[in-house]
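Next come the chains, spelled out residue by residue.
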Number of protein chains: 4
Amino acid sequence: MTDAVRAALRAQRIELPSWAFGNSGTRFKVFAQRGVPRTPYEKVEDAAQVHRYTGVAPTVALHIPWDKVDDYTDLAAFAGECGVGLGTINANVFQDDDYMLGSVTSPDPVVRRKAVDHLLECVEIAAGVGVRDVKLWFSDGTNYPGQDSIRARQDRLAEALRETYEALGEGQRLLLEYKLFEPAFYTTDVPDWGTAYAHCLRLGPKAQVVIDTGHHAPGTNIEFIVAFLLREGKLGAFDFNSRFYADDDLMVGAADPFQLFRIMHEIVVADALAPEAGIAFMLDQCHNIEPKIPAQIRSVMNVQEATAKALLVDHRALTEAQQAGDVLGANAVFMDAYNTDVRPLLAQVRQEMGLDPDPVAAYARSGYADKIVADRVGGQQAGWGA
Amino acid sequence: MTDAVRAALRAQRIELPSWAFGNSGTRFKVFAQRGVPRTPYEKVEDAAQVHRYTGVAPTVALHIPWDKVDDYTDLAAFAGECGVGLGTINANVFQDDDYMLGSVTSPDPVVRRKAVDHLLECVEIAAGVGVRDVKLWFSDGTNYPGQDSIRARQDRLAEALRETYEALGEGQRLLLEYKLFEPAFYTTDVPDWGTAYAHCLRLGPKAQVVIDTGHHAPGTNIEFIVAFLLREGKLGAFDFNSRFYADDDLMVGAADPFQLFRIMHEIVVADALAPEAGIAFMLDQCHNIEPKIPAQIRSVMNVQEATAKALLVDHRALTEAQQAGDVLGANAVFMDAYNTDVRPLLAQVRQEMGLDPDPVAAYARSGYADKIVADRVGGQQAGWGA
Amino acid sequence: MTDAVRAALRAQRIELPSWAFGNSGTRFKVFAQRGVPRTPYEKVEDAAQVHRYTGVAPTVALHIPWDKVDDYTDLAAFAGECGVGLGTINANVFQDDDYMLGSVTSPDPVVRRKAVDHLLECVEIAAGVGVRDVKLWFSDGTNYPGQDSIRARQDRLAEALRETYEALGEGQRLLLEYKLFEPAFYTTDVPDWGTAYAHCLRLGPKAQVVIDTGHHAPGTNIEFIVAFLLREGKLGAFDFNSRFYADDDLMVGAADPFQLFRIMHEIVVADALAPEAGIAFMLDQCHNIEPKIPAQIRSVMNVQEATAKALLVDHRALTEAQQAGDVLGANAVFMDAYNTDVRPLLAQVRQEMGLDPDPVAAYARSGYADKIVADRVGGQQAGWGA
Amino acid sequence: MTDAVRAALRAQRIELPSWAFGNSGTRFKVFAQRGVPRTPYEKVEDAAQVHRYTGVAPTVALHIPWDKVDDYTDLAAFAGECGVGLGTINANVFQDDDYMLGSVTSPDPVVRRKAVDHLLECVEIAAGVGVRDVKLWFSDGTNYPGQDSIRARQDRLAEALRETYEALGEGQRLLLEYKLFEPAFYTTDVPDWGTAYAHCLRLGPKAQVVIDTGHHAPGTNIEFIVAFLLREGKLGAFDFNSRFYADDDLMVGAADPFQLFRIMHEIVVADALAPEAGIAFMLDQCHNIEPKIPAQIRSVMNVQEATAKALLVDHRALTEAQQAGDVLGANAVFMDAYNTDVRPLLAQVRQEMGLDPDPVAAYARSGYADKIVADRVGGQQAGWGA
């Protein structure tokens, strides 16, 4: 069994978000860090460091227009030189003054047209560099009761999604992300998995739901949603992060490592871990106060540890206990895997991959952190938010 | 406009739950009240009082086996004599020791068979008395991670629903209710509207979703769900109640009257208020510490007041402000209706219907409360729960 | 009774936040509005408009350093010319890069010193212009378990509060605000009323708790906290706003007008409405998508309406029903007041005060909105956040 | 270091609740289990089994009147023969019809007198058998706005607590538990730690706060409360259990083992683990669907595992990283301890104590479960709730 587990861990793939390497913060303050990238190229360089020490993070998701460049083919080539590739293209229709009352669901048809055009541009960028997935998150919603028609906004949303869907090329996918609230504070137009699912179902097989682990109401059982969407064939991707309160965007596994294990268990039992299963496992985090590259390394490791534990669950014993109605027995089998210290196993996997068993230490020793602080002087640090 | 509003209010129909007239409580204690019904017949009598003074509550939902009788036709005839009719048949697969680990999703096929047989019995009872709706709520779920397979339970659920659906007669409907948690504390097999919707969609047009207003995670925007399901043609019914915390089952409108208004606004804008629209508006409440008949009267009045306010929204002005992007203006139009004191309007409506303008006072004067205390001595008071 | 109610409404005082007139937003985007003030002087001018049309908002709270000026006496004089006065001085120790890991609770003593010096400066500014209240909110906390010692941070906090407290002049007060989360995502150093209360108790009678209505966990009963702190003599002030989710900072009364009524009821029963009771009623809101001056006017009116309803509660009838254990009766008395349309009463109050009965319309007619758009060209619009 | 850790683990003490061995459930259903105790004596026998296999659970808390016996000295002697002792006396003023509108806070003085008399009886029972702690939890509260005066209820509460406090003997303590909601659904009279703390502070040094880990609003940081109360010298005890939603009363550590670790970390850093520190660590759980004795064994083991991990935190390295502002480094030190598999260490500790290294297996082999099923036929099974 261990051979299969190690093989699965070696084959695992986690996508990094370019924006995690730029500055981020809350509405109260974005704390600038030294050495932060100024360009998409520098973000890709940083992401490549994460892959270099973990070996399982070979792609970098882009956010348009944050990562807008003149020539995406050139950026892709540069990424290749760094040892990574470009990943999911993320549309952004929330940072232009025109979008104050919504983008694709705005009451203003001119704004809607502009937003849809951006979505189409993202499909085109993805196609141009051979990327499969275009990910859509809409901040659209309202702040006050009565502000706009909930239903009319759904009509506008459906129309925009349809036009985007129809622009998808062969082998491309539209990934639709939902979020409970923020920045909209009364209604959000895609607030939950049910809404995303219903739209994706109408669109067709190329439309899939994205689960961002931070985008749920308190008490929501996320692994249930994972299991449900996998059963329906409608789970397309994860945005991994963790949270204690709202959309905190902390490192995945930092707030509730047991929850991450339960999520990965649903992935494993549905045989959806391998890249060919078509689930994109992406990080989507903000390192507001911690250094970004090591935080991404740590996040990748957290996902690996949860995955390793999920792979160690004794499924035969679990199923036997479940079918016997042995509540404590089934729970004990499940917890046995969770309580295992998988760090030695992962150290071994890394060594089999020709990597340092301790990615954090290896990165620290590399001197890269000092180098970027020294080199990246002047210019405009990458960031997002207000 | 007022004529149409008054006509709509006169035509409104709210269904009463038989179980609201029996004792109820929490896991800590069921406080017995004097005069509580001992039989389904006495529950129907009490429900008829509510209709007598409000004029808009002509049907009584039954809960099987709580309301099990030898002859439902006789019960229906008795109801008719009391001035009301029988309403939705509610299945109950959560109060038998066999259901400890689930009913239709139990790992034990014998238990599942028993549960499905009960559902089929409910369909039959409904058909026998000409009732359209059979409502299903499943307490099924698990308490501990690993206890059972989330996915296998969905398979079992789908199978049970399919068999029940196929037993529906012409003109009958299956109403599927969801609930976040309680009594299951880790997973619930139908935890949210998305799950209920997905199952109903697969079942077909006779399957519709029930929204119980108390069954959501904190922060859930219920009127969004109302609007969404109406747009999809998949909203079948409401279980009305209110809550500050979890499934408190307080009187509808007692905890957040503004929310109830927003819900009724979505009903009104979708033209779904009239009985022919096919939405069943039911109360589902527990009067743990307050007298039950006046609490039901008050609840009906609360729904009427929210409805009246929703009917008073100036839709033309609202739409204009919405389309102009006038956030404060649209909100002001909306709030104008909410801030209106509609009690005089409803008093007028009642007088037009030949009723006392003040149902609470009229009931209090009737002496019925004293009569049942005097008459209902001995026997076993109706109740539910442990 | 109505005379007393009208008198109480005429005497009511609500403080406006200077920052509500500047731009604000979320971490995703700050939408700039036209005509927004560029200086503290222009903010004061805008605030004076709100008072001009409502008559109950005669003071403007300042936020240092957002409202830093060379000469506060000059600013105070200018405010006086505009018809208003300066109010509470709000410290700000969260927008400097030094505060990334905390201000008064930072592990770095140099940072702590800097933060405390700022607090002392605020006390001095307040004293200089004769302002009673200095309000402290600390964004301090941690994002990751283990990041810092919860207990050591409390020690540092206590020390900083002590030094600030001791700098208070005769008649000055330290107002301590709590907040559940954001911007800190794991621990917050003053997360709840209990923490603020315990610190204020140790500090002494000049330290009082501030309740920001948006700073609570889901399900928190805010009026309970109001009643409790009033009973303890430790309620100093409100930051009014409303929310559906987290700290949404919407207009007070917009999300849950019934809650605002319940809060004002506790104020009224404790006889704490009048200015001499020492409770400062302040707005603290962000008008991210709506025009700011009318939003403030509307917010003041919302507080007035909730107050008017609270003043209309029939306390004798309420107490009788409460003491008789008449649950429905007591609730009915309470709801009677809430369901009353108090807008005519407030229109009358305004006319008695020599004001237009409709402040929103009067402001709209004034042309002020157009004037500031035309005049305030160039310069740097005021704002806050990242 | 390991020696000290093992010594601390051997010295750890966890109190068992008698009621965990009886039947329990939700308001929907109490599922009866075979072999459940019929008397307090049988509950003590079952609890003694848990201690027999874990070695760290030598006392049994009683709940009056559930565990009412004629002669508590006899029960204590019986417990001694079983190898355990009697622990905390828990008052119960929520299961009598008189308490429908409250016990010590009821508007009815006769009811209040009855409730206080029960509290005094509990103090007397505790004194009679030499028990230090009397634990008070009040289900008191209201369901509807306006139902009763929040403030008057605080006055009544304070009065009842004062009378009970004054009855405490030398060396006795009053432990005051708080709870957010349930069974009261609008206000609860002791809803949060701040309320319990404020009352305990006024009462004096013998009054201490109890933290029940399931009694908080979503998002509440429990370890913060632990740290805060320890710093104030006002933490008296824990009621351990776990939950995903509300007061689920699942096995401690089952829902969020990382949270339990964080709580135990605060205990360890405050040097409050040893019995002489005066913190009572009690279980308070409901085993609705799982067998009760093994569930208690498992719960004790979960607390031991969290404690062991907390004891393994490298405090020197942690403090260094914290003081250096090394966010990721400090978190890594913390997580290193959490990620350790401490089961071998605990097996060793048990062997040092002369116990089987696997308590669950040892109990299963003992045949006790079959024995009680065979023996306990007839009679009335112990239970609680409605």
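Each value, and the rule that gives it
- Residues numbered from 1 in each chain as written.
- Chains lettered and ligands numbered in written order.
- Predicted model: local features only at pLDDT ≥ 70, side-chain atom pairs only at ≥ 80, totals over all residues.
- Heavy atoms only, no water.
- Helix = DSSP H or I, 4+ residues; strand = E, 2+ residues; numbered from the N terminus.
- Rg over C-alpha atoms; globule rule 2.2 N^0.38 Å.
- Buried < 20%, exposed > 50% of the residue type's maximum accessible area, 1.4 Å probe, protein only.
- Contact = heavy atoms within 4.5 Å.
- Areas by Shrake-Rupley, 256 points an atom, 1.4 Å probe, with all protein chains shown as cover.
- Lys, Arg positive; Asp, Glu negative; His and termini not counted.
- Charge placed at Lys NZ, Arg CZ, Asp CG, Glu CD.
- Polar contact = N/O pair within 3.5 Å; in protein donor to acceptor, adjacent residues only side chain to side chain.
- Buried area = accessible area lost by both parts, 1.4 Å probe.
- Salt bridge = Lys/Arg side-chain N within 4 Å of Asp/Glu carboxyl O.
- Pairing = 2+ DSSP bridges.
- Nonpolar A, V, L, I, M, F, W, Y, C, P; charged D, E, K, R; others polar.
- UniProt positions renumbered as here; feature names shortened; annotations may be inferred.
- Axes fitted to C-alpha atoms, helices over the stretch in contact; angles between N-to-C directions.
- Parallel < 35°, antiparallel > 145°, perpendicular 65-115°, else oblique.
- Left-handed = near helix turned anticlockwise from the far one by under 90°.
- Arc of directions from axis to C-beta.
- Least-squares fit on C-alpha atoms with pLDDT ≥ 70 in both.
- Phe/Tyr/Trp six-rings, centres within 6.5 Å; stacked < 30°, edge-to-face > 60°.

An unreviewed UniProt entry lists chain A under the name L-rhamnose isomerase, with Phytohabitans kaempferiae given as the organism.

Caption draft 1: Fine view of the overall build of chain A. Looking only at helices and strands, chain A features 14 helices and 12 strands. In terms of overall dimensions, chain A is globule-like: its C-alpha atoms have a radius of gyration of 21 Å, near the 21 Å expected for 386 residues. Each of the three principal axes of chain A carries a C-alpha extent, and together these read 60 × 55 × 40 Å. Across the 386 residues in chain A, those meeting the buried criterion constitute 68%. Across chain A, every contact between residues at least 6 apart in sequence was considered, and the portion connecting residues at least 24 apart equals 78%. Accessible surface, chain A as shown: approximately 12000 Å² in total, 50% of it carbon and sulfur. Across chain A, 36 positive and 53 negative side-chain charges occur, with their mean positions spaced 1 Å apart.

Caption draft 2: Quick look at the environment of Tyr338 of chain A. The residue Tyr338 of chain A is located in helix α11 (residues 327-339) in this model. Judged by its relative accessible area of 2%, Tyr338 of chain A is buried. Spatially, the C-alpha atoms of Tyr338 of chain A and Ala308 of chain A are 9.2 Å apart, while their sequence positions differ by 30 residues. For Tyr338 of chain A, the contacting residues outside a window of four places in its chain are Pro257, Phe258, Phe261 and Lys309 of chain A together with Pro257 and Tyr338 of chain D. Within the local environment of Tyr338 of chain A, its side chain forms a polar contact with the backbone nitrogen of Phe258 of chain A, the two atoms lying 3.4 Å apart.

Caption draft 3: Examining the interface of chain D and chain C more closely. Taken together, the contact between chain D and chain C spans 52 residues of the former and 52 residues of the latter. For the pairing of chain D and chain C, the buried interface totals around 4200 Å² over both sides, and the portion due to carbon and sulfur atoms is 61%. Across the chain D-chain C interface, the total number found is four salt bridges. On the surface where chain D and chain C come into contact, there are 14 residue pairs in polar contact (both at pLDDT 80 or more). Where the side of chain D that touches chain C is concerned, the elements lending two or more residues are α5 (150-167), β9 (187-188), α6 (193-203), α7 (222-232), α8 (257-269), α10 (315-323) and α11 (327-339) of chain D. The dominant element in the side of chain D that touches chain C, judged by the number of residues it contributes, is α6 of chain D, at eight residues.

Caption draft 4: The pairing of strand β5 (residues 85-90) of chain A, seen in detail. Residue and element names in this part refer to chain A. A large share of β5 lies buried, amounting to five of its six residues. Direction of pairing for strand β4 (residues 59-63) relative to β5: parallel, over a ladder of four bridges. Across the sheet, the residue bridging to His63 is Asn90, located in β5. The pairing of β5 with strand β6 (residues 133-136) spans two bridges and is classified as parallel. Note that in β6 the partner of Ile89 across the bridge is Val134.

Caption draft 5: Representation of the interface of chain B and chain D within the structure. Contact with chain B, which involves 44 residues of that partner, is made by 44 residues of chain D. Carbon and sulfur atoms make up 65% of the area that chain B and chain D hide from each other, which totals about 4300 Å². Three residues stand out in chain B for area buried against chain D, namely Arg27, Phe28 and Tyr144 of chain B, and they jointly supply 22% of the buried area on that side. Counting every contact that joins chain B to chain D gives 16 residue pairs in polar contact (both at pLDDT 80 or more). Where the side of chain B that touches chain D is concerned, the elements lending two or more residues are β2 (25-26) and β3 (29-30) of chain B. Across the side of chain B that touches chain D, the residue classes tally to 27 nonpolar, seven polar and 10 charged.

Caption draft 6: Structural context of the UniProt feature "domain: Xylose isomerase-like TIM barrel" (unreviewed entry) in chain A. If you check UniProt for "domain: Xylose isomerase-like TIM barrel" (unreviewed entry), the listed places come out as residues 73-267 of chain A in our numbering. A distance of 33 Å separates the end C-alpha atoms of residues 73-267 of chain A, which is 42% helix and 16% strand.

Caption draft 7: Up close: the packing of helix α5 (residues 150-167) of chain A against helix α7 (residues 222-232) of chain B. Interaxial distance between α5 of chain A and α7 of chain B falls to 9 Å at its minimum, and their mutual angle equals 55°. By the angle class used here, α5 of chain A and α7 of chain B are oblique. In the crossing of α5 of chain A with α7 of chain B, the sense of the turn from one axis to the other is right-handed. The residues of α7 of chain B that touch α5 of chain A, namely those facing Ile150, Arg151, Gln154, Asp155 and Ala158 of chain A, are Glu223, Phe224, Ala227, Phe228, Leu230 and Arg231 of chain B. Here the residues of the contact of α5 of chain A with α7 of chain B are counted per class, giving six nonpolar, one polar and four charged.

Caption draft 8: Summary view of the pattern of salt bridges. Under the counting rule described, the total for this entry stands at 140 salt bridges over all chains. For Asp148 of chain B, the salt bridge goes to Arg153 of chain B, with nearest N and O atoms at 2.8 Å. Residues Asp148 of chain B and Arg153 of chain B agree in their burial class; the two are buried. For Asp249 of chain B, the salt bridge is made with Arg27 of chain D, and the minimal N-O distance between the two is 2.8 Å. Here the residue Asp249 of chain B occupies a position in the loop between β11 (235-240) and α8 (257-269), and Arg27 of chain D occupies one in the loop between β2 (25-26) and β3 (29-30), the pair thus bridging two chains. Its relative accessible area of 8% is what places Arg27 of chain D among the buried residues.

Caption draft 9: Highlighting helix α1 (residues 2-11) of chain C. Residue and element names in this part refer to chain C. Along α1, the positions that sit buried rather than exposed are Val5, Arg6 and Leu9. Take α1 and look down its axis: the buried residues cluster within an arc of 95°, on one side only. Those residues of α1 that are exposed and angled more than 90 degrees off the buried face are Asp3 and Ala4.

Caption draft 10: Molecular detail of the relation of the copies chain D and chain C. Each copy superposes on the other: chain D lies on chain C with an RMSD of 0.0 Å after a rotation of 180° and an axial shift of 0.0 Å. Here the transformation between the copies is reduced to the relation of a two-fold axis. Judged by C-alpha distance, Gly194 of chain D is the residue of chain D that lies nearest the rotation axis, at 2.0 Å. When the interface residues of chain D are mapped onto chain C, 100% of them again fall at the interface, so both copies present the same face.

Caption draft 11: Representation of the relation of the copies chain B and chain D. If you rotate chain B by 180° and push it 0.0 Å along the axis, it lands on chain D with an RMSD of 0.0 Å. Most of the interface of chain B is mirrored in chain D, where 100% of its interface residues are also at the interface.

Caption draft 12: Spatial organisation of helix α3 (residues 72-82) of chain A. Residues and elements named next belong to chain A. Within the sequence span of α3, burial applies to Tyr72, Leu75, Phe78 and Ala79. Seen end-on, α3 carries its buried residues on one side only, within an arc spanning 115°. Seen from the open side of α3, the exposed residues pointing more than 90 degrees away from its buried face are Thr73 and Glu81. Next to the buried residues of α3 lie α2 (40-54), β4, β5 and α4 (109-128). Put simply, Asp71 is the residue that caps the front of α3, since its side-chain oxygen is 2.9 Å from the backbone nitrogen of Thr73.

Caption draft 13: Looking closely at unusual backbone geometry. The step from Ile64 of chain A to Pro65 of chain A runs through a cis peptide bond, and the omega angle for that step is 20°. Residue position: Pro65 of chain A is located in the loop between β4 and α3. Residue Glu182 of chain C is joined to Pro183 of chain C through a cis peptide bond whose omega torsion reads 10°. Along the polypeptide, Pro183 of chain C turns up in the loop between β6 (173-177) and β7 (187-188). Of note in the backbone geometry, Asp271 of chain A takes a positive phi value of approximately 55° without being a glycine. Mapped onto the elements, Asp271 of chain A comes out in the loop between α8 (257-269) and β12 (280-283).

Caption draft 14: Representation of the packing of aromatic side chains. All chains considered together, the criterion is met by 88 aromatic pairs over all chains. Seen in terms of ring centroids, Phe244 of chain B and Tyr245 of chain B are 6.4 Å apart; in terms of plane orientation they differ by 50°. Their pairing is tilted. According to the relative accessible area criterion, Tyr245 of chain B is buried, its value standing at 10%. Three or more aromatic residues link up through ring pairs in this structure, and these residues are Phe181, Phe185 and Tyr186 of chain A together with Phe244 and Tyr245 of chain C.

Caption draft 15: Seen up close, the side chain of Lys292 of chain D. Among the secondary structure elements, Lys292 of chain D is positioned in helix α9 (residues 292-312). For the buried residue Lys292 of chain D, which engages in no salt bridge, the nearest side chain bearing the opposite charge is Glu290 of chain D, 7.2 Å off.

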